[in-house]
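Chain and residue survey
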Amino acid sequence: SNRWGLVIELAIETFVRCRMTGKTKVGVKDFAEVFAKKTGTPAKYSPFTAPDFQEVFDPAKMVELFEERSR
């Protein structure tokens, strides 16, 4: 949904979480878990794991979820 700030926040949080847990490699699962934490959705339901994520995820709804959870 062209919200690069949200993408950057998600990347930073994922990298920090991996670093703090001693991981030396970051994978799709890591991004999916942080996405789930930030949006309140199941980890298996993310744009990182859904094969047709562009059809499944409404960009406006994703922005809304991120904004609600960061309040």
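For the structure, see preceding data.
To keep things clear, this report deals only with the structure shown in the data block. Since the model is a prediction, treat every value here as computed from it, not as a measurement. (Residues numbered from 1 in each chain as written. Predicted model: local features only at pLDDT ≥ 70, side-chain atom pairs only at ≥ 80, totals over all residues. Heavy atoms only, no water.)

1. Section: the overall build of the protein
Under the convention used in this document: Numbering of helices and strands starts at the N terminus; helices are DSSP runs of H or I of at least 4 residues and strands are runs of E of at least 2. With a 1.4 Å probe rolled over the protein chains alone, any residue whose accessible area is under 20% of its type maximum counts as buried; one over 50% counts as exposed, and the rest are partly exposed. In this analysis, two residues are considered to be in contact whenever any of their non-hydrogen atoms come within 4.5 Å of each other. Surface accessibility in these figures is a Shrake-Rupley result with a 1.4 Å probe; residues are shielded only by whichever protein chains are displayed.
Scanning the protein for helices and strands turns up 4 helices and 0 strands. In the protein, which comprises 71 residues, the proportion classed as buried is 30%. Pairs at least 24 apart in sequence give 40% of the contacts found in the protein among residues at least 6 apart. Element-wise, carbon and sulfur atoms account for 57% of the exposed surface of the protein, whose accessible area totals about 5300 Å².

2. Structural notes on a nonpolar patch on the surface
Stated precisely, the cut-off is as follows: Residues forming no salt bridge and having over 30% relative accessible area are the ones grouped into patches, like charges within 9 Å of each other and nonpolar side chains (Val, Leu, Ile, Met, Phe, Trp, Tyr) within 5 Å. For salt bridges, the criterion is a side-chain nitrogen of Lys or Arg within 4 Å of an Asp or Glu carboxyl oxygen.
Taken together, the side chains of Trp4, Val7, Ile8, Ile12, Val16 and Met20 define a hydrophobic patch exposed on the protein surface, amounting to about 670 Å² of accessible area. Following the sequence through the fold, Val7 ends up in helix H1 (residues 4-20).

3. Observations concerning H1
Cut-off, in case you're wondering: By definition here, a helix of n residues has an expected span of 1.5 Å times n minus one. The directions considered for the arc are those from the helix axis to the C-beta atoms.
Between its first and last C-alpha atoms H1 spans 24 Å; for 17 residues at 1.5 Å apiece the expected length is 24 Å, and the two agree. If you check which residues of H1 are buried, you get Leu6, Leu10, Ala11, Thr14 and Cys18. All buried residues of H1 project into a common sector of 135° when viewed along the axis, lining one side. H1 presents Trp4, Arg19 and Met20 as exposed residues on the side facing more than 90 degrees away from its buried surface.

4. Description of the packing of aromatic side chains
In this description, an aromatic ring pair is defined by two values, namely the gap between the centres and the angle between the planes. Rules: For Phe, Tyr and Trp, where Trp contributes only its six-membered ring, two rings pair if their centres lie within 6.5 Å, and the inter-plane angle classes them as stacked under 30 degrees, edge-to-face over 60, or tilted in between.
The final tally for this structure, using the stated rule, is 3 aromatic pairs. A ring pair is formed by Phe15 and Phe31, whose centres lie 5.8 Å apart and whose planes are at 80°; its orientation type is edge-to-face. With Phe15 in helix H1 and Phe31 in helix H2 (residues 28-39), this residue pair connects regions lying 16 residues apart in the sequence. According to the relative accessible area criterion, Phe31 is buried, its value standing at 17%. An aromatic cluster is built from Phe15, Phe31, Phe35 and Phe48, whose rings are joined through pairwise contacts.

5. Thoughts on the pattern of salt bridges
Applying the stated criterion across every chain, the model contains 5 salt bridges. With its nearest N and O atoms 3.3 Å apart, the salt bridge here joins Glu13 to Lys38. Placement of the pair is Glu13 in helix H1 and Lys38 in helix H2, with a sequence separation of 25 residues. Lys38 gets classed as buried once you look at its relative accessible area, which sits at 16%. Beyond isolated ion pairs, a larger network of salt bridges with shared partners links Glu13, Lys37 and Lys38.

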